Amino acid sequence: MTGCPPGPTAKVPSVRAEPDCIFCGVVAGEISSTTMAQSERAIAFMDINPVTPGHALVVPRSHATDLFDITADDLAACVHLAQQIAERAKERLGADGINLLNCNGEAAWQTVLHFHIHVIPRFKDQPGKDCIGLPWDSVPSNLDEIERIGNLLS
Ligand code: 5GP
Ligand code: ZN
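Residues numbered from 1 in each chain as written. Chains lettered and ligands numbered in written order. Predicted model: local features only at pLDDT ≥ 70, side-chain atom pairs only at ≥ 80, totals over all residues. Heavy atoms only, no water.

Re the pattern of salt bridges
Step number 1: Applying the stated criterion across every chain yields a total of 6 salt bridges.
Step number 2: With its nearest N and O atoms 3.3 Å apart, the salt bridge here joins Arg-16 to Asp-69. Within this pair, whereas Arg-16 is found in the segment before α1 (22-28), its partner Asp-69 is found in the loop between β3 (56-60) and α2 (72-93), the two being separated by 53 residues in sequence.
Step number 3: For Asp-69, a relative accessible area of 31% corresponds to the partly exposed category.
Step number 4: Between Arg-41 and Asp-74 there is a salt bridge; the shortest N-O distance is 2.7 Å. Taken as a pair, Arg-41 in the loop between β1 (35-38) and β2 (42-46) and Asp-74 in helix α2 lie far apart in primary sequence, 33 residues in all. (Salt bridge = Lys/Arg side-chain N within 4 Å of Asp/Glu carboxyl O. Helix = DSSP H or I, 4+ residues; strand = E, 2+ residues; numbered from the N terminus. Buried < 20%, exposed > 50% of the residue type's maximum accessible area, 1.4 Å probe, protein only.)

Considerations on the coordination of the zinc ion (ligand 2)
Put simply, the ideal angle at a metal is 109.5 degrees for four donors in tetrahedral geometry and 90 or 180 degrees for six donors in octahedral geometry.
Step number 1: Here the zinc ion (ligand 2) is held by Cys-21 (SG), Cys-24 (SG), His-63 (ND1) and His-114 (ND1), and the distances to it run 2.0 to 2.3 Å.
Step number 2: Here the zinc ion (ligand 2) binds 4 donor atoms, and the angle range of 103 to 116 degrees at the metal identifies the geometry as tetrahedral. (Donors = N, O, S within 2.8 Å, 3.2 Å for Na, K, Ca; no water. Tetrahedral: all angles 85-135°; square planar, octahedral: opposite > 155°, others 65-115°.)

Points about the layout of surface pockets
Step number 1: Taken as a whole, the largest pocket encloses approximately 780 Å³ of empty space.
Step number 2: Along the walls of the largest pocket sit 32 residues, with Val-51, His-55, Leu-101, His-118 and Ile-120 positioned nearest its centre.
Step number 3: Residue assignment for the lining of the largest pocket shows that the elements contributing at least two residues are α1, β2, β4 (97-101) and β5 (117-122).
Step number 4: Taken together, the residues of the lining of the largest pocket break down into 19 nonpolar, 11 polar and 2 charged.
Step number 5: For the second largest pocket, the calculated volume is near 150 Å³.
Step number 6: Lining the second largest pocket, in full, are Met-36, Met-46, Gly-54, Ile-85, Arg-88, Ala-89, Arg-92, Leu-93 and Pro-121.
Step number 7: Counting residues per element, the lining of the second largest pocket draws most heavily on α2, at 5 residues. (1 Å grid on protein atoms, 1.4 Å probe; cavity = no way out; pocket = protein on both sides within 12 Å on 5 of 7 lines; lining within 4 Å. Points joined across faces, edges and corners; volume = space filled by probe spheres on them. Nonpolar A, V, L, I, M, F, W, Y, C, P; charged D, E, K, R; others polar.)

Given below as structure tokens:
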């Protein structure tokens, strides 16, 4: 099918845009960004405040506030693009590892209310490049409580 124009039954995703959304502005090209990759449903660009060199963001073209708002197809497209950027960061930037981070809601540190996945290259033993620490300590587990909550989620 490569090279064929979309037929009358081809499903072209409709793009929802919110007027005051920064990332909708990036998607529309109204806010400048360094864009590295894009697909029909998603776009990857550099974070303006990188926590490590190569810190990127992947967003759906169509506005969705968060994980609870995004469609399954847009979510899959974002994850796919995040994987591509992660591979490039390993190959081209020499990253030793990658963190994917997605924040949903103020309590989970979300500041921009357009779904996004952070792709954060990690550099081992390079404090000048990477001084991110784990945000939590391991706590001793209570197996009954873990099982009780697991059952709530089952
Ligand atoms: P959050 O805190 O919502 O998980 O992440 C929002 C991210 O968006 C932050 O890392 C912040 O640096 C980035 N950001 C905020 N405004 C802009 C912008 O105008 N352009 C780009 N490229 N990134 C932005
Ligand atoms: Zn938006």
